[in-house]
Amino acid sequence: MFESIQQADSEEASPPSDVHDKLHEIACILSSMQRRKAVVCRHLTPRWKQSLISCCGAAPEQPAPRLLAEGIPLQLHQADNRQLPALSPPSPGPPLRPYARVWIPDVEEVWKSAELTKDYRQGDGVLQLQLEDGSELEYKLDPKTNNLPHLRNPDILVGENDLTALSYLHEPAVLHNLKVRFIDSKLIYTYCGIVLVAINPYETLPIYGADIINAYSGQNMGDMDPHIFAVAEESYKQMARDERNQSIIVSGESGAGKTVSAKYAMRFFAIVSGSASEASVEQKVLASNPIMESIGNAKTTRNDNSSRFGKYIEIGFDKKYHITGANMRTYLLEKSRVVFQADEERNYHIFYQLCASAKLPEFKALKLGMANDFHYTKQGRNPVIVGVDDAKEMSSTRNAFTLLGVNESYQMGLFQILASILHLGNVEVKDRDSDSSVIPPNNGHLSVFCELMGITYQDMSHWLCHKKLKTATETYIKPVPKLQAINARDALAKHIYAKLFNWIVDHVNKALHSTVKQHSFIGVLDIYGFETFEINSFEQFCINYANEKLQQQFNMHVFKLEQEEYMKEQIPWTLIDFYDNQPCINLIEAKMGVLDLLDEECKMPKGSDDSWAQKLYNTHLKTCALFEKPRMSNKAFIIQHFADKVEYQCEGFLLKNKDTVNEEQINVLKASKKFDLLVELFQDEEKATSPAGAVPATGGRTRLSVKPGKIRQAGQASKEHKKTVGLQFRNSLQLLMETLNATTPHYVRCIKPNDYKYAFTFDPKRAVQQLRACGVLETIRISAAGFPSRWTYQEFFSRYRVLMKQKDVLTDKKLTCKNVLENLVQDPDKYQFGKTKIFFRAGQVAFLEKLRADKLRAACIRIQKTIRCWLVRKKYLRMKHAATTIQRYIRGYQARCLTKFMRRTRAAIIVQKYQRMYVQRRCYKRKQAAALVMQCILRAYMARQLYKALLREHKAVIIQKMVRGWLARQWYKRSLKAIVYLQCCIRRMRAKREFKKLKIEARSVEHFKKLNIGMENKIMQLQRRVDEQNKENRSLSERLSGLEISHASESERLRGELKRLRGAEEDAKNNANRVTSLLEELERLRKDLQNTQKEKKVIEDWARTYQDETEQMISELKEQNHLLKNEKDDLNRLIQEQGQHWTEKMQRALKEETQQLENDLNEERSRYQNLLTEHLRLEEKYDDLKEEITLTMNVPKPGHRRRDSTHSSNGSDWTYNSEFAESEEGSRVGEDVSKSMDMSLFLKLQKRVSELEQEKQSLQNELDRREEKFQRARARDDEEHKKSRSAELEYESLKRQELESENKKLKHHLNEMRQSLRGNAEATSAAPGSPAYTVLLDQLNSSNEELEVRKEEVLILRSQLVSQKEAMQHKETMTEPLPYIEDVQKLTDAKEISQAYMSLKETNRSPRFTHRPTEMNELMSRLRSPFPDYHKLNEDGELWLVYEGLKETNRLLESQLQAQRRSHENEVEVLRGELQSVKEDNNRQQQLLAQNLQLPPEARIEASLQHEITRLTNENLELISDDPKEYKAYRISMLRRMVDLMEQLEKQDKTVRKLKKQLKVFAKKINDLEGGQIDVSPGQTTDESVHPVNIPRREKDFQGMLEYKKEDELKLVKNLILELKPRGVAVNLIPGLPAYILFMCLRHADYVNDDQKVRSLLSSIINSIKKILKKRGDDFETISFWLSNTCRFLHCLKQYSGDDQFMKHNSPKQNDHCLSNFDLAEYRQVLSDLAIQIYQQLIKCMESILQPMIVSGMLEHETIQGVSGVKPTGLRKRTSSVADEGTYTLDSIIRQLNTFHSIMCQHGTDPELIKQVVKQQFYIIGAVTLNNLLLRKDMCSWSKGMQIRYNVSQLEEWLRDKNLMMCSAKETLEPLIQAAQLLQVKKKTDEDAEAICSMCNTLSTAQIVKVLNLYTPVNAFEERVTVTFIRTIQTRLRDRKESPQLLMDTKLIYPVTFPFNPSSLALETIQIPGSLNLAFLTRV
């Protein structure tokens, strides 16, 4: 069907292209077909939707099924055996299977699946089956019982979390379900009712971390996938809810993983509940594990680390359910292993660890060797375990001893005893005779044993071979034979080891013991499972006896729970028959039972194993069916246990039961005086309670299960050591059973999957044996006997809604389910209706699933029919359209062919016409060409004749032209010489006249010199320059005279040349006669020319050939050149690409480095904030302890104590908390109370705090170092930019030096003022004329003078800048071709004149004037010669050039002098005006000074600024009126000046603030010295108000401060923090009002310079906020309110701190409100830390609110109704679990998010902080949802993935509505989105695997594999993910470098930052409402 759909969609153009979307919408319609829910179909038409809905509701009802034996239906056409094509993903399913599948027994696989090939009829004796491999089989039924084989469950039910969810409950179904979960899904835990089945994976799995523990904490047992943590959480919740002790019973055979399961359960308790003591009990228990494993574990054939003892650990809890301590009880230590081991087994690990560490120096004295050297360690012949280093294990054991408080001396004593046991085993005993034995003297091993034990060699050797017999009157010493001596030696070794074991257990219990009273406990029983070997002895008998007792208790508990469930649901029930093993227990422990007869035989003097066996035969063989005798043995017996028959060998039973040891040997050991530990082991020999390993209960532990009558009396303890091992074990077992019966048990059954320890390898035979032995199958049998399948009415309605018609659906769902079920199932005995659930017999769920699948199949068939009809119709329409198109194209082709024929015919005619025309035209052309040739020849002849005549005439004209031209040139040269000479004379005359004028002007300069004295030097310089130019003129005259002489000689030469030319003219006339001969010669040359032309033609042909060759060569060269260019371009492109690649690579590397730095910074910030959290937790713990001690001692809270005011605030960030706590609780009584507290705990806390502070400091240093590194990197990048600003930096440095010198002067003045004030300290006032007033006035005058000096310097600087600017403009204009006059007008000094003159000379040398290269020196020499030839001198106009140069120079000098005269006059006028303005300014300054003395300091600055602005405005107005251009330049300079003045003003303000602080401190000291004499009455003096320090301030406006009294501080804190209700403030007042009020109070404390008040106020604020948050820490509104106000208070401290980085956003008024006396940077850090703590508390509060909603709203609730299907479940919602508190939806989460957002917005929280909170919220939602998805198999389906994606889209829509898309919240949901996509994508081919690997880039490999393993089909249409596909994914992802952690860390809190957010609110405008009760505050 789906292939056809895809093919049809690919062929057509109009239908939708995405088939998957259509199928998805079809599935939605199918799921909601009778719910009448709206389904959004974007790809289907309304007609389609209507037809689909109608076809789904008209399916025929199915006939009732036939029933088979035992009430189990077997319909051979069941739906569970047929698989429909899956609707999603869109791929065809496997072929249909028409017959049922069953399970048949198999020898190898235990159970094998088969399918019926023929329908079964009643009475058939054979079933026709087909196995999965395709082979046929005839299965014969038992003719007696005629029982049918077990039915196989539908595939949809395979792999369920709970085995009771299976429709058919039997052994093969259980085995197959466990195998599928273990092999395919890699799941090791499975529920079986109340039992957790744990299969050992023999591989480390990442499912036991703290994240998994947190995920399971607080969850109901059925809500998550099966896990040991779920069982532990269930027991913990029941203990807290029911106040009843709990027990977790972990059982299984050796190697199944019991110890590991028990260890993980204890780890869960320790992490979830915490520890009430200073160290975690779980850590102590883990520390004891290496010890207990080394002394109690050994290698067996089944397990390398098998526990050879049982233990029961009670973990105690207090009333708050925190762990208080623990106690361990041990059972039945296998002492025989000390002296004997079977093949491939080892002794206890500790012996091999000692031997491996024998070479250590401290073990030299033990004289140990290899393990093969000792008899007790080499009997197994395999002393090495692969992969285990015994030396390292020994180191771990020693470290564990140290952690548990066993010092080094005791450790060496323990190792000494263990070494002595090894040496004792090597002692050889030899026969003396048949009845006696002897130890050879000087036996080396016995000597070492005695040396180590500190005993004498003779005593021990004697009593090893002798024994003492006592009678009534005498005592005998009797030798013993060798065998008895060896047995006595081995018994002694076992006894010593047992004592040592008990001693170690006692010390472990002491370490786990706590003094805190125990309220309840949870016991963890780690005990051996049922065992059966080839040879079973006394140990196996005791183990199986204990398992019989536990199985009985288990059966009773399961039966009790079943009955309670039926009674709770009010279902009539009958007694369920179950196996009761009480007869077997009676056989063992009843009177005359096995143990009783064994004890009796032990009391007999000559009792033996054989006689005991005969007594057993005689007593039980005929009376008890459970006791049997082997056929081939008289020394064994068989007992039928609940799990299997076990044959026990009687040999050794008596000896092991007696467990006797020679008392004299013990006395020898007790007599040791050198070995205290040995004496300690045996000093309570008579008080030992359990030689077999049971440990008496320690003090401080309450046992609720032990009856008072059962407790052993102290008087009986003296005889207890005579009890047998069996009796003692029975008593300890009875005590254990009483304890378990008094608790609520929880069962964990550990299964060993194979005997070879292969990872994830399942052996069905071994698994079935253990399932039968551990009681799992018995649980299944009890459940199957009743109603195993249980559904709530809602679940049944949701799952089988498809089987109901619209008329069947009623408002009462319970009644609806009843009506429908009565119609579907005819037999009423197959189901029962309870109060809240429907109970079904076994197999009924499968029948209902068959009906549901048939209904869905019928609907699918109708959908297929309709779709196929639509596809065929579309195909027909396409075919019709194609036929019409083909006809159209054929007809068009025929028409085109006809047209082509007609065109060709017409073309032929036209061709003929043109051909004929061409022939006639060619004939005409030939005739015309002949006529033209004849005309051409005739015309050429006539033209040649004409040409000859014209040539002769032309030559004659040329000769005439040359002669006439020569004559004209001669006349012109003579005229030109005369004119030049005349010009020179005239010019000389004019030059003389000009020279006289210049002399007159020079004399006038002397007069101007008298008028302008300042210009004298410059004029002298000009005069000297004129003299120099005169000298130069004379030299030029000399050169001119020389030029005249040369000109005369040149004229003479030219006359001679003229004569020569006249002679040449005569020669030309003579040569005219030679023309005739030349003509003849010309004719001859014409003939030569013709010959030359012929040769030329030949040469041209050769040249043409050569040219072709050359062109070809050039083309080849061009091609090569083109190729080279291409190669060059390719290389250039390659170079560019490589350069771009390297650039991108460098950018990427830089980006990665930047990202890494940011990540490191975030990590450091996160670590710092985590340290703050830890610090807060310790601080709260300290406060709780302090309060508890206070309440215990009933101490009142008197007194008030505070620290010294000089105490540094940076000593500790939390000093303020301790100060406030001390101020509240008092000093003296608090110290008395603190003395009574636990000093050790206090010291530990104090040490921890110091460590945290050191770590914080180190982190801060690291952060500073990284920031410094980053700054250095930035500095390197900005180096070029800084070089370009070197001039500005130099200027700034000069300015800085100037300001420093200014500061020094001010400080000097301040010192003078101080000295003056000290000298006049006794004066009562400071009137004018007093020294203080004089000094202050002098300082002001000096400041005024200095200000004037600064003004002058600024003016000078301005003039210099202007002159430099004009000089730059002049240099620019000199390069342009402007007129000389303009250049001259811009010149101002002599230097510029010289530059102009030199440029003029260069201009005169330009080609425009110098037609011939003549040097100036030569010209001057001509002028100065005595007889100059003026014609020669002025030949090229050189005199004119010189004359013009002199004129320009004179004009230049004249204009310069006139300009200087005018400028001098102007300057004189300006100076007069400036002098007048300076006088006026001086008067104004005097008036301003007098006014400023009456103003406060701030007002003085404002007044001076206003005055300066007024003055500058006036100057600007004057400049505008005078000259706009000058005003523009002046404005630029003034702007620069104003910038400089502003910078100086800022620097001076800072300096003034510091000086004011010092002045105030000094004034305070003066007040103290004067002793109140300053405040005098007005009558004492007339000028009291003119005090230099305390000047009264007259303010008209409020300054944004609030004044309060010191005693009102507590009232302020109480009303504004402790008792303030956030809701009223958020609704009625401005956001952050408390923060503003507190800061205004702080400003006033800073204004009055009261450091104590500032410190006290800040400490009170911080501690009060902590107190209110501790009191109302679970109220989100309160936390949000104080987070907002704390941040606002922190921003205020920054905004008004006076730092430049925070002041740039302030208004001028806000800058005036900055703090002036105190630097509160340290308190800002404290407030920042407090804000971090509040933020973390806000996140935790928010998490606690969201946590219950997330799983229900994001996963469980069906947002899209009808998409998800509810699968059958077992005991998921167990009766023992906590009831659901309510159902949350996605709307609940969104409403809660809206509530959070609105609260934060109402409180005025910073937008950036809101974004961080929202990001954290979405991370919590995504992490919790993903974690639950990874831990819940029932949630991993295609439909659930669609639900999740829809829910995520709703959250994204919420982000868009709130404009929060840029806060990176969406990115935190990316793992969840990818997990949902992973559930929906195809998971079959390699292409799908590649797509998954590229898509899931934020999911780890473990998470991807986990989702694929958990993927579960909800409907029969879906398919499971194959193991091969999962392996492919793992192979592709193995190169990923990522964390192996499976779950996301839900406790992760992103590091928070508080970006600076200044407020525009003016403090002086804030009004205090009366509702705050702050009337005691006064606005200032």
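As a reminder, the structure under discussion sits directly above these lines.
The rules behind these values
- Residues numbered from 1 in each chain as written.
- Predicted model: local features only at pLDDT ≥ 70, side-chain atom pairs only at ≥ 80, totals over all residues.
- Heavy atoms only, no water.
- Helix = DSSP H or I, 4+ residues; strand = E, 2+ residues; numbered from the N terminus.
- Contact = heavy atoms within 4.5 Å.
- Areas by Shrake-Rupley, 256 points an atom, 1.4 Å probe, with all protein chains shown as cover.
- Buried < 20%, exposed > 50% of the residue type's maximum accessible area, 1.4 Å probe, protein only.
- Salt bridge = Lys/Arg side-chain N within 4 Å of Asp/Glu carboxyl O.
- 1 Å grid on protein atoms, 1.4 Å probe; cavity = no way out; pocket = protein on both sides within 12 Å on 5 of 7 lines; lining within 4 Å.
- Points joined across faces, edges and corners; volume = space filled by probe spheres on them.
- Axes fitted to C-alpha atoms, helices over the stretch in contact; angles between N-to-C directions.
- Parallel < 35°, antiparallel > 145°, perpendicular 65-115°, else oblique.
- Nonpolar A, V, L, I, M, F, W, Y, C, P; charged D, E, K, R; others polar.
- Patch = residues over 30% accessible without salt bridge, like charges linked within 9 Å, V, L, I, M, F, W, Y side chains within 5 Å.
- Phe/Tyr/Trp six-rings, centres within 6.5 Å; stacked < 30°, edge-to-face > 60°.
- Core = buried A, V, L, I, M, F, W, Y, C linked by side-chain atoms within 4.5 Å.
- Pairing = 2+ DSSP bridges.
- Polar contact = N/O pair within 3.5 Å; in protein donor to acceptor, adjacent residues only side chain to side chain.

(A) Broad picture of the overall build of the chain. A count of helical and extended segments in the chain gives 59 helices and 26 strands. In the chain, once contacts between residues fewer than 6 apart in sequence are set aside, the share between residues at least 24 apart is 74%. Accessible surface for the chain amounts to roughly 107000 Å². Of this, 54% is attributable to carbon and sulfur atoms.

(B) Here's a closer look at helix α14 (residues 457-464). Regarding α14, the residues found buried are Tyr457, Met460, Ser461, Trp463 and Leu464. As for α14, its buried residues are in contact with α12 (408-425), α13 (444-453), β15 (466-470), β16 (475-479), α15 (482-512) and α21 (663-670).

(C) Here's a closer look at the pattern of salt bridges. With the rule as written, the count across this model stands at 47 salt bridges. A salt bridge links Lys1947 to Glu1743, with the shortest nitrogen-to-oxygen separation between them at 3.8 Å. Taken together, the residues span a long stretch of sequence, with Lys1947 in the loop between α59 (1923-1932) and β26 (1978-1979) and Glu1743 in helix α51 (residues 1721-1756) at a distance of 204 residues. In this structure Glu1743 comes out as buried when scored by relative accessible area, which is 10%. In this structure, Glu1890 and Arg1932 form a salt bridge, with 2.5 Å as the shortest nitrogen-oxygen distance. Of this pair, Glu1890 sits in helix α57 (residues 1886-1895) while Arg1932 is found in helix α59, placing the two residues 42 residues apart along the sequence. Overall, Glu1890 belongs to the partly exposed group, its relative accessible area being 42%.

(D) View of empty space enclosed by the protein. Under the criterion given, the structure shown has 19 cavities of 30 Å³ or more. Empty space within the second largest cavity amounts to approximately 170 Å³. Around the second largest cavity, the lining comprises 16 residues; the ones closest to its centre are Gly529, Phe530, Asn547, Ala773 and Cys774. Of all the elements in the fold, those that place two or more residues in the lining of the second largest cavity are β8 (246-251), α16 (538-568), β21 (744-751) and α24 (764-774).

(E) How the structure looks around the packing of helix α47 (residues 1651-1671) against α51. In the contact formed by α47 and α51, the axes pass within 11 Å of each other and the chain directions differ by 5 degrees. Judged by the inter-axis angle, α47 sits roughly parallel to α51. Facing Arg1655, Leu1658, Ser1659, Ile1662, Ile1665, Lys1666 and Leu1669 of α47, the residues of α51 in contact are Tyr1723, Val1726, Leu1727, Leu1730, Ile1734 and Gln1737. Looking at the contact of α47 with α51, its residues break down into 9 nonpolar, 2 polar and 2 charged.

(F) Representation of the environment of Leu1658. Within the secondary structure, Leu1658 sits in helix α47. What Leu1658 contacts, discounting residues up to four positions off in sequence, is Leu1642, Phe1689, Leu1720 and Tyr1723.

(G) The arrangement of a nonpolar patch on the surface in detail. Where nonpolar side chains cluster on the molecular surface, the patch consists of Leu898, Phe901 and Met902 and spans about 360 Å² of accessible area. Its place among the elements puts Phe901 in helix α28 (residues 844-1011). Take Phe901: its relative accessible area is 57%, and that puts it in the exposed class.

(H) Inspection of the packing of aromatic side chains at higher detail. A complete count under the given rule lists 38 aromatic pairs for this structure. Centre to centre, the rings of Phe541 and Phe653 are 6.0 Å apart; their planes meet at 65 degrees, and the pair counts as edge-to-face. Placement of Phe541 in helix α16 and of Phe653 in helix α20 (residues 653-658) is noted, with a sequence separation of 112 residues between them. Each member of the pair, Phe541 as well as Phe653, carries the same accessibility label: buried.

(I) Main features of the packing of helix α53 (residues 1807-1830) against helix α54 (residues 1838-1857). Where α53 meets α54, the axes come as close as 13 Å, and the angle between the chain directions of the two elements is 175 degrees. Considered as vectors, α53 and α54 are oriented roughly antiparallel to each other. Here Val1814, Phe1818, Ile1821 and Leu1829 of α53 lie close against α54, whose contacting residues are Ile1844, Leu1851, Trp1854 and Leu1855. Residue composition of the contact of α53 with α54, by class: 8 nonpolar, no polar and no charged.

(J) The arrangement of the side chain of Arg489 in detail. By the element assignment, Arg489 lies in helix α15. Setting aside residues up to four positions removed in sequence, Arg489 forms contacts with His375, Tyr376, Leu424, Gly425, Val427 and Leu464.

(K) Highlighting unusual backbone geometry. Although it is not a glycine, Glu344 adopts a positive phi angle of roughly 65 degrees. Examined against the element boundaries, Glu344 turns out to sit in the loop between β12 (323-331) and α9 (349-356). By relative accessible area, Glu344 is classed as partly exposed at 43%. Non-glycine residue Asn442 carries a positive phi angle of around 60 degrees.

(L) Region of the structure containing the nonpolar core. Membership of the largest hydrophobic core comes to 321 residues, with the highest contact counts inside it found for Phe269 and Phe637. Per-element accounting of this core gives the leading share, 18 residues, to α51. Beyond its immediate chain neighbours, meaning those up to four positions away, Phe637 contacts Val594, Trp612, Leu616, Tyr617, Phe627, Glu628, Pro630, Val646, Glu647, Tyr648, Cys650 and Phe653. Membership of the second largest hydrophobic core comes to 21 residues, among which are Trp791, Tyr793, Phe796 and Leu824.

(M) A look at the sheet that holds strand β24 (residues 837-840). One open sheet holds the 3 strands; their spatial order is β22-β24-β23, and the pairing between them is antiparallel. The two strands at the open ends of the sheet, each matched to only one other strand, are β22 (789-792) and β23 (831-833). Each strand of the sheet is rotated relative to its neighbour by a mean of 20 degrees, with strand direction disregarded. Alignment of β23 against β24, held across 3 bridges, turns out to be antiparallel. The partner of Phe833 across the bridge, within β24, is Ile838.

(N) Structural context of the side chain of Arg337. Among the structural elements, Arg337 can be located in the loop between β12 and α9. Exposure remark for Arg337: the relative accessible area of 4% places this residue in the buried category. Separated by 3.1 Å, the side chains of Arg337 and Glu345 make a polar contact. With sequence-adjacent residues up to four places away left out, Arg337 is seen in contact with Ala298, Lys299, Thr300, Arg308, Glu345, Arg346, Asn347 and Tyr348.

(O) Looking closely at the pairing of β21. Counted residue by residue, β21 has 8 buried out of 8 residues, so it is predominantly covered. Burial along β21 is two-sided: Thr744, His746, Val748 and Cys750 facing one way and Pro745, Tyr747, Arg749 and Ile751 facing the other are all buried. With 5 bridges connecting them, strand β7 (residues 195-199) and β21 associate as parallel partners. Across the sheet, Ala198 pairs through a bridge with Cys750, a residue of β21. Sheet analysis places β8 next to β21, joined by 6 bridges and oriented parallel. Its bridge partner lying in β21, Ile248 is registered against His746.

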